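# Results of the structural survey
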Amino acid sequence: MNRLLNIDRRIIFLFVFAGVVIPLLWSFNLPVKPTPTVQAIYDTVEAVAQKNGRVLIAFDYGPSLVAELRPMALALLRHCFRRGVKVVGITLHPEGVGMAQDAFETVSKEFSREYGRDYAFMGFKPGGGAFILNMGQDFQATLPKDSRGNDTRAMEITKDIRSLKDFDYVVDLAGSAVTEIWIAYGQERYRFPMASGCTAVMAPDMFPFLQAGQLNGMMGGLAGAAEYETLAGASDAATRNMTPQSVVHLVILTFILFGNLVYFLGRRAP
Amino acid sequence: MRRDTILFVGFVALFAAVNAYLLSVGKVQGDWAGFGVIVAAGLTLAMYSFLYRDNPTFKLAEHLYVGVVAAYQLAQYWYNNLLSDVYNPLFRPEPGKGAAWGVLIPTALGLMMLTRFVPKISPVSRISFAFFVGVGAGLSIPRTISSFLLQQIEPTFKPIWTASAGFTMASLDTFLILLGVVSVLVYFSFSIEHRGAVGGVSRVGIWFLMISFGASFGYTIMARLSLLIGRMTFLLRDWLHVQIQ
């Protein structure tokens, strides 16, 4: 019993490793059921598409969070481009530049979308809250050029944007407290509809903002991305990776139950 | 040789042998893209080697990561901020426009912060810090109170029961939020002794906190496993070219 209680942690790592690799090699499909918070984002993008509107996506994440947030970015962009929604990208995170460029390049090729007309990327700017407030007051003065050096006042997609209020929807993809900065300095001040695509670590922190109506939707972690892929009818990395995710969760649950069982049996033993 | 040294040399030799095989059969191209895949695979394995024990390859990968990120961020700050917002407006203004001298004020404030590195003139940096703290407080205090306090209080005081709708599932949510807020606030009220009714409510607060910590921990496990799955997908598909589902 004592040996079982002091099991080498590396044995658990091996089980977790097997739980990831085996389902990746011999996959089986598990159903993905969209939750209301993800459905809300999908429905809002559909409503924006009805009025030929524009969406602002903030790519506030770096390479360390690609596994969770890139599938969200691709699923959201695919949905927007398929429905003809124009997308402006921006980042408050210096590492987000490469992330945004990769996502736009990947999806714009799939849908043959044109830079400057269907989408644009404004690049990275520091300043956090002050920068968001400036964009709300005068978008074009704050961002006179996009990431490629084009004039914001001349580009078709941005020429009539005066304030953040001119965006029909803002979605922040982040793995840090940047979303809270967007809420405090952007959504609360300029009252645009906003959603969050966040890592699973951040998801519990976002629920109070959903409850208060400051966010109208949320995609939390890989599960949220898989739900959006399902809704958008474009199953990809997130949906595929939910199978190993579910298997490893079962492995961990088994170890938790096993550990507790051994602990209580050990206490009973003389 | 110690067992760990043998393991270390063995893994490095195995990694080299696998790459040699992949290059020889053409699964990894002998160009810069292929080199990038090999480096990424090596660094991924080096980071995960920490699960066995702290070792030199992990340290190397860790320090490389810090260095690369610092350099990448510096480049992004230069091209997206210093070059476009400071250098170009001052020294390469657009045709028909003069130099934007106004840029000199924030630039000077920024440069004054760097005087911290020279002890003799470091007090100059206080002007910049005073400006920074003043503006920061002015911007953040009203926004924080509005967004994180007032807007959060509102849903806590929604009616649990209404004459038109009665008691619904949404009412249960509202009741639980109210109960959670009140009981956790009581738990953190240390000026009252937690006995009797106060102690009971405080105990309910502990339960709410425990459930909240459990939910956060569960989500954290999910997040970390997603990252592991991402790296495993890269190793199997992009490096080893194994067919994954």
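Sequence order as written defines the numbering, with residues in each chain counted from 1. Both sets of labels track the order of writing: A upward for chains, 1 upward for ligands. Where totals are concerned, whole chains, interfaces and linings use all residues; where local detail is concerned, this predicted model gives features only for residues with pLDDT of at least 70, and gives and counts side-chain atom pairs only at 80 or more.

Attention now goes to the domain arrangement of chain B. Here chain B is described as being made up of domain 1 (1-99), domain 2 (116-156) and domain 3 (158-245). The split of the chain into domains comes from an automatic or database domain assignment. A straight line from the C-alpha centre of domain 2 of chain B to that of domain 3 of chain B covers 30 Å.

In regions of low pLDDT, the predicted coordinates are not meant to be interpreted in detail. Residue-level pLDDT values for chain B average 91, and 99% of them are 70 or greater. For this predicted complex, the interface confidence score (ipTM) comes to 0.87, while the overall pTM stands at 0.88. Per-residue confidence from the prediction method is given by pLDDT, with values spanning 0 to 100.

All names here are of chain A. Ranked by size, the top nonpolar core spans 88 residues in total, and within it Val 55, Leu 173 and Tyr 228 carry the most contacts. Numbering goes from the N terminus for both helices and strands, where a helix is a DSSP run of H or I of at least four residues and a strand is a run of E of at least two. The element that contributes the greatest number of residues to this core is helix α4 (residues 66-82), accounting for 10 residues. Once C-beta atoms are placed from the backbone, any two residues with those atoms within 7 Å are in contact. When neighbours within four sequence positions are excluded, Tyr 228 is seen to be in contact with Val 38, Ile 41, Tyr 42, Met 72, Ala 75, Leu 76 and Met 219. A set of buried Ala, Val, Leu, Ile, Met, Phe, Trp, Tyr and Cys residues, joined through C-beta atoms within 7 Å, is what we mean by a nonpolar core. With C-beta atoms placed from the backbone, a residue counts as buried when 20 or more other C-beta atoms lie within 10 Å of its own, as exposed when 12 or fewer do, and as partly exposed for counts between those limits.

What follows covers the interface of chain A and chain B. Where the parts come together, the accessible area they lose is often given as the size of the interface. Taken together, the contacts link 42 residues of chain A with 39 residues of chain B. Listing elements by their share of the side of chain A that touches chain B, those giving two or more residues are α2 (9-25), α4, β3 (119-124), α6 (129-137), α8 (178-190), α9 (203-211), α10 (221-232) and α11 (237-268) of chain A. All residues other than Ala, Val, Leu, Ile, Met, Phe, Trp, Tyr, Cys, Pro, Asp, Glu, Lys and Arg, Gly among them, are scored as polar; the first ten of these are nonpolar and the last four charged. Of the residues contributing to the side of chain A that touches chain B, the split by class is 26 nonpolar, 9 polar and 7 charged.

Turning next to the packing of α11(A) against helix α7 (residues 196-239) of chain B. At a minimum axis separation of 10 Å, α11(A) and α7(B) run at an interaxial angle of 130°. Between α11(A) and α7(B), the angle is such that the two are oblique. Crossing angle aside, the handedness with which α11(A) passes α7(B) is right-handed. On α7(B), the residues touching Asn241(A), Pro244(A), Gln245(A), Val248(A) and Ile252(A) of α11(A) are Ile221(B), Leu225(B), Ser226(B), Ile229(B) and Thr233(B). Each axis is a line fitted through C-alpha atoms, taken for helices only over the stretch in contact, and angles between the N-to-C directions span 0 to 180 degrees. Our angle categories are set so that under 35 degrees counts as roughly parallel, over 145 as roughly antiparallel, 65 to 115 as roughly perpendicular, and the remainder as oblique. Should the near helix be turned counterclockwise from the far one by less than a right angle, the crossing is left-handed, whereas a clockwise turn marks it as right-handed.

All names here are of chain A. The interhelical angle for the contact between α10 and α11, taken along N-to-C directions, is 135°, at an axis separation of 8 Å. It follows that α10 is oblique to α11 by the angle criterion. Two packed elements cross with a definite hand, and for α10 against α11 that hand is left-handed. In contact with Leu 222, Ala 223, Ala 225, Ala 226, Glu 229 and Thr 230 of α10, α11 contributes Ala 238, Thr 239, Asn 241, Met 242 and Gln 245.

In this scheme, a helix's expected span is set at 1.5 Å multiplied by one less than its residue total. Across its 16 residues, helix α5 (residues 96-111) of chain A extends 23 Å between first and last C-alpha, which sits within 8% of the 22 Å expected from 1.5 Å per residue. Within the span of α5(A), buried status applies to Gly96(A), Val97(A), Met99(A), Ala100(A), Ala103(A), Phe104(A) and Val107(A). One face of α5(A) carries all of its buried residues, which in axial projection span an arc of 160°. Those residues of α5(A) that are exposed and aimed more than 90 degrees away from the buried face are Glu105(A) and Lys109(A). On the buried face of α5(A), the contacting elements are β1 (54-60), α4, β2 (86-91) and β3 of chain A together with α3 (56-91) of chain B. Phi turns positive one or two residues past the end of α5(A), at Ser112(A), with a value near 50°. This arc corresponds to the set of directions leading from the helix axis out to the C-beta atoms.

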